[in-house]
Amino acid sequence: MMASSYNAKDEDGHITVTGPGGGTLRSKKPENTAFKQQRLPAWQPILTAGTVLPAFFIIGLIFIPIGIGLYVTSNNIKEFEVDYTGVDMSSPCFNCSQNFSWNSTTPCTCTIPFFLEQPYESNVFMYYGLSNFYQNHRRYVKSRDDSQLNGDMTSLKEPSKECEPYAYHDNKPIAPCGAIANSMFNDTLELFYNDPNGTKVQIPLTNIGIAWWTDKHVKFKNPGAGEANQNLTAVFQGTTKPLNWRRPVYELDAAANNNGFINEDFIVWMRTAALPTFRKLYRIIKSPSNGMMPTMPRGNYTLEVVYNYPVRSFEGRKRMILSTISWMGGKNPFLGIAYITVGSVCFFLGVVLLIIHHKCGNRNNSADISN
Amino acid sequence: MSFFGMDCVRKKERELERKLRANDREYNLSFKYATNAIKTSKYNFFTFLPLNLFEQFQRIANAYFMFLLVLQVIPQISSLSWFTTVVPLVLVLSVTAAKDATDDINRHRSDNQVNNRKAEVLIDRKLRSEKWMNVQVGDIIKLENNQFVTADLLLLSSSEPLNLVYIETAELDGETNLKVKQALTVTGDLGDDIEKLADFNGEVRCEPPNNRLDRFTGTLTYAGQKYPLDNEKILLRGCTLRNTEWCFGLVLFGGPETKLMQNCGKSTFKRTSIDRLMNVLVLCIFGFLAIMYKMATKLPSLPSSHSGPYVIILNTVVPISLYVSVEIIRLGNSFYIDWDRKMYYARNDTPAEARTTTLNEELGQIKYVFSDKTGTLTQNIMTFNKCSINGKSYGEVYDYTGQRLEITEHTDTVDFSFNQLADPRFVFHDHALVEAVKLENPEVHAFFRLLALCHTVMAEEKKEGEIFYQAQSPDEGALVTAARNFGFVFRSRTPDSVSIMEMGKQCSYELLAILDFNNVRKRMSVIVRSPEGKLSLYCKDHLNEFAGEGLRTLVLAYKDLDEEYFNQWQQRHHEASTDLDDRESKLDQLYEEIEKDLLLLGATAIEDKLQDGVPQTIEQLSKADIKIWVLTGDKQETAENIGYSCNLLQEEMNEVFIVSGNSPEDVRQELRNARTSMKPDAVEDSVFLPERTLGKSVKVLTDEVVNGEYGLVINGHSLAYALEHSMELEFLRTACMCKAVICCRVTPLQKAQVVQLVKKYKQAVTLAIGDGANDVSMIKAAHIGVGISGQEGMQAVLSSDYSFAQFRFLQRLLLVHGRWSYLRMCKFLRYFFYKNFTFTFVHFWYAFFCGFSAQTVYDEWFITLYNLMYTALPVLGMSLFDQDVNDVWSFQHPQLYVPGQLNLYFSKKAFFKCALHSVYSSLVLFFIPYLAMCNTVRDDGKDVADYQSFALLTQTCLLFAVSIQLSFEMTYWTAVNTFFVLGSLAMYFAVTFTMYSNGMFLMLPSAFPFIGAARNSLNQPNVWLTILLTSILCVLPVVTYRFLLIQLCPTINDKVMFKVRQAKATPPPPTRRTRIRRTSSRRSGYAFSHAQGYGDLVTSGRFLRRPAVSRSSGFTHIGRTTTGFSPMGRSAGYSPTGRLQNAKVPDVEVTSLQMYRTIKDPAL
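Residues numbered from 1 in each chain as written. Chains lettered and ligands numbered in written order. Predicted model: local features only at pLDDT ≥ 70, side-chain atom pairs only at ≥ 80, totals over all residues. Heavy atoms only, no water.

## Considering the overall build of chain A
The number of helices and strands found in chain A is ten helices and eleven strands. The proportion of buried residues among the 371 residues of chain A is 51%. The long-range share in chain A, meaning contacts at least 24 apart out of those at least 6 apart in sequence, stands at 78%. By element, 55% of the accessible surface of chain A is carried by carbon and sulfur atoms, the whole surface being about 17,800 Å². (Helix = DSSP H or I, 4+ residues; strand = E, 2+ residues; numbered from the N terminus. Buried < 20%, exposed > 50% of the residue type's maximum accessible area, 1.4 Å probe, protein only. Contact = heavy atoms within 4.5 Å. Areas by Shrake-Rupley, 256 points an atom, 1.4 Å probe, with all protein chains shown as cover.)

## Some points on the overall build of chain B
Counting its secondary structure elements, chain B contains 38 helices and 36 strands. Taken over 1164 residues, chain B has a buried fraction of 61%. A separation of at least 24 residues holds for 74% of the contacts in chain B among residues at least 6 apart in sequence.

## Digging into the state of the cysteines
All names here are of chain A. The full count for this structure, using the stated rule, is three disulfides over all chains. Between Cys 96 and Cys 108 runs a disulfide, and the two sulfur atoms are separated by 1.7 Å. Where Cys 96 bonds to Cys 108 through sulfur, the torsion about that S-S bond is close to -85°, and the disulfide is left-handed. In this pair, Cys 96 sits in helix H2 (residues 94-98) while Cys 108 sits in strand S3 (residues 108-116), placing the two residues twelve residues apart along the sequence. (Disulfide = S-S within 2.5 Å.)

## Considering the packing of aromatic side chains
Residue and element names in this part refer to chain A. This model, assessed by the stated rule, comprises 89 aromatic pairs over all chains. In this structure an aromatic cluster arises from ring pairing among Tyr 128, Phe 133, Tyr 140, Phe 185, Trp 269, Phe 278, Tyr 282, Tyr 309 and Phe 314. Residue placement shows Lys 200 over the ring face of Phe 192; its charged tip is 4.8 Å from the ring centre. (Phe/Tyr/Trp six-rings, centres within 6.5 Å; stacked < 30°, edge-to-face > 60°. Lys NZ or Arg CZ within 6 Å of the ring centre and 35° of its normal.)

## Regarding the pairing of strand S4 (residues 140-144) of chain B
For a regular strand, side-chain orientation follows a simple rule: the groups alternate between the two sheet faces. All names here are of chain B. Counting buried positions along S4 yields four of five residues, so the element is predominantly enclosed. As paired elements, strand S2 (residues 118-123) and S4 share three bridges and run antiparallel to each other. By the bridge assignment, Glu 120 is partnered in S4 with Lys 142. Relative to strand S13 (residues 246-253), S4 is paired through five bridges, and the arrangement is antiparallel. Bridging from a neighbouring strand, Ile 140 pairs with Leu 250 of S13. (Pairing = 2+ DSSP bridges.)

## Quick notes on the domain arrangement of chain B
Residue and element names in this part refer to chain B. Segmenting chain B into domains produces domain 1 (22-264), domain 2 (273-332 + 817-1064), domain 3 (352-376 + 611-678 + 702-805) and domain 4 (379-609). Here domain 2 and domain 3 have C-alpha centroids that lie 43 Å from each other. Contacts between the two partners involve 19 residues from domain 2, matched on the other side by 16 residues from domain 3. Of all residues in domain 2, the largest losses of buried area upon contact with domain 3 belong to Arg 330, Tyr 897 and Gln 901, amounting jointly to 38% of the total for that side. (Domains from an automatic or database assignment. Buried area = accessible area lost by both parts, 1.4 Å probe.)

## Topic: the pattern of salt bridges
Inspection of every chain in the model, using the stated rule, returns 57 salt bridges over all chains. Between Lys280(A) and Asp943(B) there is a salt bridge, and its shortest N-O distance comes to 3.6 Å. Taken together, the residues span two chains, with Lys280(A) in strand S9 (residues 278-285) and Asp943(B) in the loop between helix H30 (908-933) and helix H31 (947-969). The pair formed by Lys280(A) and Asp943(B) is uniform in burial state, with each residue classed as buried. For Asp884(B), the salt bridge is made with Arg819(B), and the minimal N-O distance between the two is 2.9 Å. (Salt bridge = Lys/Arg side-chain N within 4 Å of Asp/Glu carboxyl O.)

## Quick look at the packing of helix H11 (residues 320-339) of chain B against helix H27 (residues 872-881) of chain B
Residues and elements named next belong to chain B. Running from N to C, H11 and H27 point in directions that differ by 30°, and their axes come no closer than 9 Å. On the basis of their axis angle, the class for H11 and H27 is roughly parallel. The two elements H11 and H27 cross, and the hand of that crossing is right-handed. Listed contacts from H27 to Ser 325, Ile 328, Ile 329, Gly 332, Asn 333 and Tyr 336 of H11 are Leu 876, Ser 879, Leu 880 and Phe 881. (Axes fitted to C-alpha atoms, helices over the stretch in contact; angles between N-to-C directions. Parallel < 35°, antiparallel > 145°, perpendicular 65-115°, else oblique. Left-handed = near helix turned anticlockwise from the far one by under 90°.)

## Some points on the nonpolar core
In summary, soluble globular proteins display a tendency toward joint burial of nonpolar side chains. Core analysis: the largest hydrophobic core is formed by 110 residues, its most contacted members being Leu829(B) and Tyr846(B). Of all the elements, helix H25 (residues 809-847) of chain B adds the most residues to this core, at 16 residues. In this view, Tyr846(B) contacts Asn136(A), Ala274(A), Leu275(A), Gln855(B), Thr856(B), Val857(B), Phe926(B), Tyr947(B) and Phe950(B); residues no more than four positions away in its chain are not counted. Judged by nonpolar contacts, the second largest core, of 63 residues, contains Met184(A), Leu189(A), Tyr193(A) and Trp245(A). (Core = buried A, V, L, I, M, F, W, Y, C linked by side-chain atoms within 4.5 Å.)

## Let's talk about a nonpolar patch on the surface
Residue and element names in this part refer to chain A. Judged by side-chain polarity, Leu 61, Phe 347, Val 351 and Ile 355 come together as a nonpolar surface patch covering roughly 340 Å² of accessible area. In terms of residue count, helix H10 (residues 334-366) provides more of the nonpolar patch than any other element does, three residues in total. With respect to the element layout, Val 351 can be found in helix H10. A relative accessible area of 35% places Val 351 in the partly exposed class. (Patch = residues over 30% accessible without salt bridge, like charges linked within 9 Å, V, L, I, M, F, W, Y side chains within 5 Å.)

## Description of the sheet that holds strand S6 (residues 164-168) of chain B
Residues and elements named next belong to chain B. Reading across from one edge, S7-S6-S12 is the order of the three strands in this open sheet, with antiparallel pairing throughout. The two strands at the open ends of the sheet, each matched to only one other strand, are strand S7 (179-182) and strand S12 (240-242). For this sheet, the mean inter-axis angle between neighbouring strands, taken without regard to orientation, is 45°.

## Some thoughts on helix H15 (residues 563-578) of chain B
All names here are of chain B. Taking 1.5 Å per residue as the helical rise, H15 with its 16 residues ought to reach 22 Å, and the 23 Å between its terminal C-alpha atoms agrees with that figure. Inspection of H15 places Phe 566, Trp 569, His 573, Ala 576 and Ser 577 among the buried residues, and these make up the whole buried set. In a view along the axis of H15, the buried residues occupy a sector of 85°, so they form one face of it. (Expected span 1.5 Å × (residues − 1). Arc of directions from axis to C-beta.)

## Considering the interface of chain B and chain A
Counting from both sides, the interface comprises 125 residues of chain B and, opposite them, 101 residues of chain A. For the pair chain B and chain A, the summed buried surface comes to about 10,100 Å²; carbon and sulfur atoms form 59% of the total. Along the contact surface separating chain B from chain A lie two salt bridges. The interface formed by chain B and chain A includes 31 residue pairs in polar contact (both at pLDDT 80 or more). Counting residues per element, the side of chain B that touches chain A draws most heavily on helix H35 (residues 1021-1048) of chain B, which supplies 17 residues. For the side of chain B that touches chain A, the class distribution of residues is 61 nonpolar, 37 polar and 27 charged. Direction of pairing for strand S1 (residues 42-43) of chain A relative to strand S36 (residues 973-974) of chain B: antiparallel, over a ladder of two bridges. (Polar contact = N/O pair within 3.5 Å; in protein donor to acceptor, adjacent residues only side chain to side chain. Nonpolar A, V, L, I, M, F, W, Y, C, P; charged D, E, K, R; others polar.)

## Quick look at the pairing of strand S33 (residues 765-770) of chain B
All names here are of chain B. When you tally the buried positions in S33, you get six out of six residues, the bulk of the element. Pairing analysis gives four bridges linking S33 to strand S34 (residues 784-788), with the strands arranged parallel. Bridge assignment links Ala 768 to a residue of S34, and that residue is Gly 785. Note on the crossover from S33 through helix H23 (residues 776-781) to S34: the handedness is right-handed. (Right-handed = clockwise from strand over helix to strand, strands pointing away.)

## What to know about the UniProt feature "binding site: Mg(2+)" (unreviewed entry) in chain B
Residues and elements named next belong to chain B. UniProt feature "binding site: Mg(2+)" (unreviewed entry): in the numbering of this structure it lies at Asp 372, Thr 374, Asp 771 and Asp 775. These annotated residues cover 404 residues of sequence, but their C-alpha atoms sit close together, with the largest distance between any two at 10.6 Å. Following the sequence through the fold, Asp 372 ends up in the loop between strand S15 (366-371) and strand S16 (378-389). Note on Asp 372: relative accessible area 1%, which makes it buried. Leaving out residues up to four positions away in the same chain, Asp 372 has contacts with Leu 377, Leu 631, Thr 632, Lys 751, Ile 769, Gly 770, Asp 771, Asn 774, Asp 775 and Met 778. One can find Asp 771 in the loop between S33 and H23. Assessed through its relative accessible area of 4%, Asp 771 is described here as buried. (UniProt positions renumbered as here; feature names shortened; annotations may be inferred.)

## A few points about the domain arrangement of chain A
Once the domains are mapped, chain A shows domain 1 (49-77 + 331-360) and domain 2 (78-225 + 232-325). A straight line from the C-alpha centre of domain 1 of chain A to that of domain 2 of chain A covers 41 Å.

## Examining the environment of Phe807(B)
Residues and elements named next belong to chain B. Within the secondary structure, Phe 807 sits in the loop between strand S35 (802-804) and H25. Sequence separation between Phe 807 and Met 933 is 126 residues, and the spatial gap between their C-alpha atoms is 63 Å. With residues near it in sequence (within four places) discarded, Phe 807 still touches Ser 371, Thr 376, Leu 377, Val 614, Thr 617, Ile 618, Ile 769 and Ile 788.

## Some words on the UniProt feature "active site" (unreviewed entry) in chain B
Taken from the UniProt record, the annotation "active site" (unreviewed entry) applies to Asp372(B). In this structure the side chain of Asp372(B) is engaged in a polar contact, spanning 3.2 Å, whose partner is the side chain of Lys751(B).

## Some remarks on the confidence of the model for chain A
This prediction gives chain A a mean pLDDT of 84; 88% of its residues lie at or above 70. Note that residues 1-24 of chain A has pLDDT below 50 and, in this model, 59 contacts with residues that lie over four places away or in other chains. (pLDDT = per-residue confidence, 0-100.)

## Structural notes on the sheet that holds strand S8 (residues 203-206) of chain B
Residue and element names in this part refer to chain B. Across the sheet, which stays open at both edges, the four strands sit in the order S1-S8-S9-S10 with antiparallel pairing between neighbours. Among the strands making up the open sheet, the edge pair consists of strand S1 (18-21) and strand S10 (225-229). Neighbouring strand axes in the sheet, compared pairwise and without regard to direction, differ in orientation by 20° on average. Where S8 meets strand S9 (residues 218-222), four bridges bridge the pair, whose relative direction is antiparallel. From the neighbouring strand, Glu 203 faces S9, where its bridge partner is Thr 221.

Okay, here's the thing in structure tokens:
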């Protein structure tokens, strides 16, 4: 085609669409959908004084009461803590801590007297606390075999490699295997109330209901559970106890439903702590059924410790804690203080921003956009 | 095809001189010249895999993941399985490979198509049809009309008289007017006699292959005689033969050695600046982690082998999902470009196309736009728009109230059916003119008779009534066509006659003389004897000063000549034209003498149609602080005028500098002078930014601020000096101070050099836009290349990154798509780094509490799924949908584009800021849960501070915090975004509860040890209070900071968004203030493509004298108009107020026609 030269690259308006297949005349015009044309309906929030300032005040108004509530609740919780590590010469447990040996057959016992200033009502929870104990160390945390603890027979005889070097001893599989189980807390704590009339009354401690229900009933199972007349001793035949344990796992408790892997002390220990200072529920002191008397009246008490658990090597500390609880758990004033602080800061910021907005904001926003 | 596909790179001995002998393949083959096959593809079947993988692993990211993969394969190190890295890596690699493969297949196809074109080659004394790729140097080939030139040829003979051929060189230099080439007489005598041609054994010695389009030197030795060869005898590959039945040529250069291919430039792998920045950041992060790791291992009391989790950490700081997401976002934003109806051109059914999907965000950072002129800014159509005959103007359309109507596509057109010879494509809107013609108005008839006679157009009438015009300049063609349609049809010409059809009556005028156009006189005349025997001189004169709507204006005049005087004049003319020295000036004197005392007939206005919306687009872009440089192969005058008409150069500019020196010293002086007048107190030093330490330390030129607005026009030959190493900085400094730069008469390679110069010394992103093969090199050289599609010649599109049909779409591509892409990408990267740094830093703080054992603070499943499921979709949603303000507002405030140019949204500083932000967030996210949970218990006294509950708590806090943070980043909440954000949170809880359920644990006890953690801790009020507290604390400073910023120093975005919000109630119709028709001040911006025509050729049998290529240097008129025109400036006849204005016509025309000395017409 030879057109006159002055429109050599002619755009003469002819729509000549020739598809590769010989030319269908379907237009290539893109579809007119909101999505393809980027016109989807949308909400476009921006930070204006009208939204930001009220939000600050509202947050302030909500947070401060919550904080006060939390703080008061936390303050109402009674807590008593006694360190029985025995670091000081004067400490009753000093001897036990100094003379500890893994092989000693005779347990070392120490007695710590203490005085409760206030009576403790309703259920009182008794914790043992450890410090500088890195239960959250990666290699420590991994050193367990959940299949074995769940009652898997194969894993019982062939513990997972994760348990190394606490998987086998004397060519026998260790049950329960791993470093966590091996280092289980094994001090025995007993509480006595020194009656004003001179008698020493042992306080009954409940060791049932201290672990999570899911742990006790789902996560931890004895091998062969469900079989009729199971004999733990027989089930654990062919395995050996963890190196540091004094008793095999099937002799942890007399009660059948609290023995073996489903022993609650064991379960509580196996739930590793997040932080190097932690407390674990040891026993519960149930409130008397008549409800008239406080669970633990004000007065003198004695803590008797069978000192089995060495912490000196890693400069750890051991504590016994008595605490009541509330709807927000144990005593921790942090949340309350934090809420009050954040609420106040919000409120304060709201005021400051309001002033700034009044002083400069209007000027800037209404300023015309220079072209 | 060589095995490694690297023919093009293979260096052979440098050729110093080319020797070849026609019709002697054996002799020519001994030199191993390249054949005519071209190869633009990169791979072949065997080399694809290794080469492509090699290229891909040059991306740091890919190499980095390869490294991670190697680490993960080592079981002692890894805790995550190897396929978590392998699967995405393979996916990324294969998608890229597939894309590269399709691209290369396309290139193979187009290569094949070109290589398999047929050409008639003289082999063994016979003409044979051969494929292009088999054509060899020294072959003689035959070309026919409208065929592409096969290779660089020496023209031997042609069908036309005087061995002329006409070629169109648009593909090479963008000029669309035909050019004439002429063969040597000695070869021309060969004609089309195959025997003679086969016997032709001329030997050619010429320059080695090079890229200079305008120069050729060589000699032909034939029959013992030596003949010099110059550019006049060479047909270059890429040209098209026009208006010539056939010609024969001798192949001098083939395939890759042709000047076209030598001008092609190299295609380089383009990467965005964000990509490069990301590479640097990844390396920094990598180094930082390595140091942390080193420090961690040096700490005492640590058991060995804890590098494993560090691999996890590496994996989470820069996860592969980052790269996958980046690619998805780019792909999505590319699709938006393909889908945009506002960038679809219905005329030729061309949607915009993002041919490269990896450069989108760079579109939001363009600082320099390099544009071609012909076909890009202009449509390359000249239309006869308006005329004024005898003081009456035609061309406007008025409604019944006398209001001028905007002429659109729907305006009624004049029906030319009365004239069988009319060109159906000619469109005119004013019926009055046709009526005047039909009423036999004598002035109107004389007007069109002049148009039909006074020109140098050649007519070609293959079939009765189908006339094609062949004009040296497009506007001449337009005038003759106008005359044709109004009943004065130019039909044919001989050297001494012109045959026209006057209102259906055949007339033949004797052509006595053509006083051809040249740049000094700017007018042409013919002297003819009418059939009645009357002797007349018809003249048309270009009015440079005739400002108004940017129409190129010619004034038409005539006079009757006295027979005696003419004879005498002709005698003198003959003497002068045979005079050997000073011929030019003598002729000019003669012309001047006879072109006196003319009678004014009227004036014409021809529009060199700009593409639609070009001035508006250019104005928008310059408001967005984008600098536009026009690089054109066209003449200086044309380029300048187009510069004015498209608003690039403006009347209000303080000065427009012209650089057209012919020696390096002149050019340097001109550049210096320009700079001094812009900035008298310019300091010579301190123009460079401090040298960069990272990467190659290249000097970076600072932007210099000058008062006022300036323009720069530089000529091709001056540019050649300016681009020399010693002067390039001088040139760049001067050019960058100017608001607009126009480079004319530049070769394709110079275009690329200009682009590269800017790329080298300016830390700025460049974009090149063009439509022809002559733009390919600059398209490849620029950061972003845009091709104008939908027209003939797709080379530009094929090598471009984006293509669309109209220049005006560029503003949408940049101001809307580019800006959004950049915004989205930056938001994405900032947020992505934020969320992953926060994630990682929490680990870091936890390290202090777990004995630096690298215990992860989260559940391992959470680590795996965090980037994959929990946070992937919301951020993707944001990066695909977010827009700060919509497209209408983006156009209304082009300044919104500026932050992108300044790299404000994502830079090292921004990265550092978001790292700092994550440090804060991670501190909150770790220490608040830590303090809240330490020593506390559940509400039934049982454990809640255990590792599992703590992990669950921190990861939940983290997820809430990053989700809320995302909500603050997002400014455009579509339903999809809301669904993604809430859905991801819901998904988190669903997945968590599922994985912590009894069933999962019982199936795989060791894989799901977190059984019950969710149930036992998420029912605790203090857990939720902690989550709330961390969320609030994480966003509190952000909100405060941003609010303060908005209040105290709002950015342009903030202001516009605020304005949008205020306007929401009543969305203003986008009052396009940009739609200015500033006709009042615009200078005649019309295409000035008139050139010396074929006058000599037409009239005399004399040997053709070629028009001087560049006599333009004498053309110095530029800048302000100097006439006494009213500020209205419209040429009186074409004013919008129409007839009223006509009263002023006499004044105006008299002033501007002073050169006509006297005006006898009583009508004026």
